[in-house]
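Understanding the architecture of this molecule
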Amino acid sequence: MTASAPLLSVQDLVVRFRTHEGTIHAVNGVTFQLDEGERLGLVGESGCGKSVTNLALIRLLPQPAGRIEGGTVLFDGQDLTQLREDELRAIRGRDIAMIFQDPMTSLNPVLTIEEQMVETIQAHKEMPKADARARAIELLNLVGIPKPETRLKSFPHQFSGGMRQRVMIAMALALAPKLMIADEPTTALDVTIQAQVLELLRDLTDESRTALILITHDLGVVAGMTNRINVMYAGFVVESATTLDLFAEPSHPYTVGLLHSIPRLDAEEDEPLVPIEGRPPDMRHAPTGCPFAPRCRWRLETCWSQNPTLLPMIAGTPVVMTGAAATHRIACHNRPTAEDRVAGRPLAPGFMAAPAPPGAIDEVGAGHLGGTPDGFEGLVNAIQAEEGPISMAPSAGALPLPPEPEHHNDGVFHDD
Amino acid sequence: MTTPAIPVAIQSDARASRGLWGDAVRRLVRNRPALLGLFFIAVFVLAAIFAPFLAPYPPNEGSLVNRLQTPSREHIMGTDLQGRDEFSRILYGAQVSLVAGVSSVVVGVLIGGTIGALAGGIGGKVDSVLMRVVDVMLSIPGILLAIGIVAWLDRGLPQIIFAVAIVNVPIFARILRGSLLSLRESDYVTASRSLGASGSRLLLRHMLPNSLTPLIVACTLALATAIIDVAGLGFLGLGPPDPRTPEWGTMLTDSTKFLRQAPWLLFFPGAAIVISAIGFNLLGDGMRESLDPRMRR
């Protein structure tokens, strides 16, 4: 590997699921790169394709439904999409390791911790059992499990959730992989334990120069953990930037929405949370325009027909894919201004989100007024200003009452 | 499988590692019907093992002078047409039932388990073909299939065992395949795959051990039906070729000719069949409850 080649280079990855209800367009041409020792966050709500992207990397998509239908995954000079199963097996665990969301179900209930750890080590390295056991003890020590010699004989159900996740991390680190993929590693854990596990993950990958892909729906988790962040929506990367840039200058309407739906400690008093209205799109249809358009307050007419590509913020700048100087890129036709970002809504006087063309779903409500307070109240106020007070009684059925805004995004996404 | 998360420090030493099986045994012991089943099975198995010591008379010796005697102090279950002691014959009959029942289930589980493991472990076309074969086997009523096999292979204890085993094959195959299929998508199997475990290793070390519990329960329940099937074949005149062999089903058939004079000859073999079958049924149900994590109390 030359110094300039990235450790991992994913190019135009396309993943589809064939189901009885039709084809799910799970990942739609995702491109990203990762350097040795770099930590990348993949952020997005449930079903946006972030987990599928990573399962596809090591070809663990649920079979037979899931298929990689395009793109390349270059890891350490090898295209993982072209490898034979036995070649891949040698890479899994040794070079690329994965940690899953639910530590409660990620360990085999009928085998002791020792059996599972020794097995993982011996699957890749010829070594006597005693040595593998010694290595297991060393690893358990490393992840902070007290009395590892005795704990080795325990079964998974005798560990708490946090302890099990530590065991999973120990197993993933057993062979000093070059890349670790952590799929929502702390979602199933208590908040206090979350911080401990994240810190452990950061310190250990730091020490071993292991690159990390951290998948999460929690922006708070990635903020302190990662060097760079890819924001994903409906199987597309919609914004890509260094962590610093992304939080300093969140630019995609979706990212702006995400940040505004999290309570902040430094917020002005009584500053309302602004939810992203509506639901993620139905992935059974390839979007014709921007996938976020139905929920976007900044959308233009073109947004309904043309899916924007991921381009540098400042047009014409050369794209740097990795490292601290990575280019801030965004896929958007109508970027929120700096003031918009602060307010969480378009402030341009008289701006209205472009109405949905016939047949398209509109989650925001056509003719959403710019420069007014948001959500339901905002609309009511706007209508009142034009037509006088409205009654909220059911008898006012003739009035075009806007749909109840769905407070889906309180910073943490919920599985539907 | 969700077990309550017990703080590690408290739990580590005090409650020693009992594991899945330890917990299951504890729950089983608290299950009254299962204990009753275990008692019936114990009686049945001990009778079979110690028949030579417990039987007051040899099973095939009797004098015509003593024929068709009612139960008495000398012959607690009476005597049959040849004057043989019914109690002794029941005890020796337990041997035949136990051997035939257990071996037919073992053979059945080996064949059915292999089919199920191949179907569930490999999947794809192998799965489709094997499962269609199993469907065909399932479409023939069990006892009819057994009769056909014995008629085809000629009478004899090994043939009976084989016939009853074949009847059970589709059941075992389906159970094992089903649990393997669900385990294939389980988190820890995906996790092991992500850590580089090979296909055979996943199947043998991770999936099979976890799919054994439903199979063990099925085996226990199958023992009950196997005993009934063996007796059924005997009752239909397809029992062991040597007519002197004390086989419960055959004894039942023989007794029907003297139903009026000697009803006890019908009662005792019938009761023996029922008690041993109920024993395995109760134990099987109890094991299902104690091994099923969803039924944990």
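Residues numbered from 1 in each chain as written. Chains lettered and ligands numbered in written order. Predicted model: local features only at pLDDT ≥ 70, side-chain atom pairs only at ≥ 80, totals over all residues.

1. Some points on the overall build of chain A
For clarity, the cut-off: Secondary structure elements follow DSSP: runs of H or I no shorter than four residues count as helices, runs of E no shorter than two count as strands, and numbering proceeds from the N terminus. Here the C-beta atoms are placed from the backbone, and a residue counts as buried if at least 20 other C-beta atoms lie within 10 Å of its own, exposed if 12 or fewer do, and partly exposed otherwise. By definition, residue pairs are in contact when their C-beta atoms, positioned from the backbone, come within 7 Å.
From N to C terminus, chain A includes 13 helices and 12 strands. A buried classification covers 48% of the 416 residues belonging to chain A. Sequence-distant contacts in chain A: of pairs separated by 6 or more residues, those separated by 24 or more amount to 65%.

2. Examining the overall build of chain B
Scanning chain B from N- to C-terminus turns up 12 helices and 0 strands. Seen in sequence order, chain B has helices and strands lined up from the N terminus as α-α-α-α-α-α-α-α-α-α-α-α. Referenced to the eigenvectors of the C-alpha coordinate spread, the extents of chain B come out at roughly 75 × 50 × 25 Å. Buried positions account for 45% of the 297 residues belonging to chain B.

3. Observations concerning the pairing of strand β2 (residues 22-34) of chain A
Residue and element names in this part refer to chain A. Formally: Two strands make a pair as long as DSSP finds a minimum of two bridges between them.
Alignment of strand β1 (residues 8-19) against β2, held across 10 bridges, turns out to be antiparallel. Among the inter-strand pairings, Arg18 is bridged to a residue of β2, identified as Thr23. Linking two consecutive strands that pair antiparallel, namely β1 and β2, is a turn of 2 residues.

4. Quick look at the domain arrangement of chain A
Residues and elements named next belong to chain A. We apply this condition: Segment limits for the domains were obtained from an automatic or database-derived domain assignment. Gly is placed with the polar residues, together with every amino acid not listed as nonpolar (Ala, Val, Leu, Ile, Met, Phe, Trp, Tyr, Cys and Pro) or charged (Asp, Glu, Lys and Arg).
You can read the domains of chain A as domain 1 (8-214) and domain 2 (227-393 + 407-416). Contacts between the two partners involve 26 residues from domain 1 and, on the opposite side, 22 residues from domain 2. When contributions to the side of domain 1 that touches domain 2 are tallied by element, the ones reaching two or more residues are β2 and β3 (39-43). With 11 residues, β2 is the single largest residue contributor to the side of domain 1 that touches domain 2. In terms of residue class, the side of domain 1 that touches domain 2 is made up of 10 nonpolar, 10 polar and 6 charged.

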